[in-house]
Amino acid sequence: TSASLAHSDYLIFDDQLGETIARQNTLHIAMRKALEAQHFQLYFQPQLSLLKNNIIGAEVLLRWQLDGQWIQPAELIPLAERSGFILQLGDWILAQACIKAQHLVKLGYTELVTAVNISPKQFTAPNFVDKVVAALSDSGLPAHNLELEITEGVLFNNDYGTLDSLQKLRKMGVKLAIDDFGTGYSSLSYLKDFPIDKIKIDQSFVRNMHTDPADQSIVRTIVNLGKNLGITLIAEGVENQSQLDSLKSIGCDEIQGYWYSKPLEEDFFVDFLHQKQPLP
Ligand code: C2E
Ligand code: MG
Ligand code: MG
Ligand code: MG
């Protein structure tokens, strides 16, 4: 009967809710242990310049295996953000990313830019700029080899603290990119108010741009906007040649995505660099 169906639906829902909470608790405990045990890993996804046809940098992406299972950043990062653990985790990511980036510079890739994702809670913490200063000086990484990726939400607040931090970072020579551009609160005024070096066009617009004229128009508009403001454009999530061709015809500066390379373990990224861009 419908009554018993409704009843069992309710039970299933209740079970799932219980499972979700149990999983979150498990992950909260496990991620703290993993940080202590150095079980987190950083992968590198190459970024290609379409103008110069060379690798201009890489985005650092967090990877974590728990009991043989990959835990996706899309699950992990929001949990860590909610509990505040992102502050400790983010410190570790930033420090490690700078050490690894300095390793690449020392190998001879002196112009390579390493991009690190910074979550909103991390960026708006009062001592964030000091953390960046410390990560750079501890690793010896020149500031111009570091890029920070922040999302539109951080800029939307438009408060003095945010502007002040961005200006300090810019003055140091650290680069700033807006991640997932076009998916957040779409206020364009921040593009003129804040010192932004790069716009990362979100993969949701790139995905169907070779078949959907509306997506293609959006990407073209973002590219033109960036060009007019002197901001570099990179397209995220480029998976095939047709997307690449569209982006080239529109005049997008750079791309990142599976078409060129998946995120790679550090050693494989170094191999990839050597293969594509042998040192003199
Ligand atoms: P994001 O910063 O926009 O990173 C790009 C995501 O797209 C990555 O997912 C990457 O693996 C994926 N990707 C790259 N190329 C392609 C492609 O051609 N097709 C498709 N379908 N996907 C592609 P990932 O590594 O799962 O990370 C997801 C999100 O988690 C990131 O989005 C970022 O917001 C967050 N995240 C990852 N690592 C970190 C980190 O170290 N710190 C912080 N705060 N957030 C991180
Ligand atoms: Mg990113
Ligand atoms: Mg993104
Ligand atoms: Mg994203």
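Note that the structure is a prediction, hence the values are computed from the model and not measured.

1. Notes on the confidence of the model for the protein
Mean pLDDT over the protein works out to 93, with 94% of the residues at or above the 70 mark. Reported for the predicted complex are a pTM of 0.94 and an ipTM of 0.98.

2. Observations concerning unusual backbone geometry
One non-glycine residue, D67, adopts positive backbone phi at about 50 degrees. Within the element layout of this structure, D67 appears in the loop between β3 (65-66) and β4 (69-70). Phi is positive for D180, close to 55 degrees, though the residue is something other than glycine. Turning to its location among the elements, D180 is positioned in strand β7 (residues 175-181).

3. A short note on the environment of G184
Among the secondary structure elements, G184 is positioned in the loop between β7 and α8 (190-193). A sequence separation of 33 residues divides G184 from T151, and the C-alpha atoms of the two residues are 7.5 Å apart.

4. Thoughts on the nonpolar core
Counting residues in each nonpolar core, the largest one holds 80 residues, and the members touching the most others are F40, L148 and I201. The dominant element in this core, judged by the number of residues it contributes, is helix α3 (residues 86-107), at 10 residues. Those residues in contact with F40 that lie beyond four places of it in its chain are M31, A34, L35, L62, R63, W64, L76, L89 and W92.

5. Concerning the packing of helix α5 (residues 128-139) against helix α7 (residues 160-172)
For the pair α5 and α7, the least separation of the axes is 10 Å and the interaxial angle reads 20 degrees. It follows from the interaxial angle that α5 and α7 lie roughly parallel. The crossing of α5 and α7 is right-handed. In this structure, α5 uses F128, V129, V132, V133 and L136 to contact α7, whose residues at the interface are S165, K168, L169 and M172. The residue inventory of the contact of α5 with α7, partitioned by class, reads seven nonpolar, one polar and one charged.

Reading guide: rules and limits
Residues numbered from 1 in each chain as written. Chains lettered and ligands numbered in written order. Predicted model: local features only at pLDDT ≥ 70, side-chain atom pairs only at ≥ 80, totals over all residues. Heavy atoms only, no water. pLDDT = per-residue confidence, 0-100. Helix = DSSP H or I, 4+ residues; strand = E, 2+ residues; numbered from the N terminus. Core = buried A, V, L, I, M, F, W, Y, C linked by side-chain atoms within 4.5 Å. Buried < 20%, exposed > 50% of the residue type's maximum accessible area, 1.4 Å probe, protein only. Contact = heavy atoms within 4.5 Å. Axes fitted to C-alpha atoms, helices over the stretch in contact; angles between N-to-C directions. Parallel < 35°, antiparallel > 145°, perpendicular 65-115°, else oblique. Left-handed = near helix turned anticlockwise from the far one by under 90°. Nonpolar A, V, L, I, M, F, W, Y, C, P; charged D, E, K, R; others polar.

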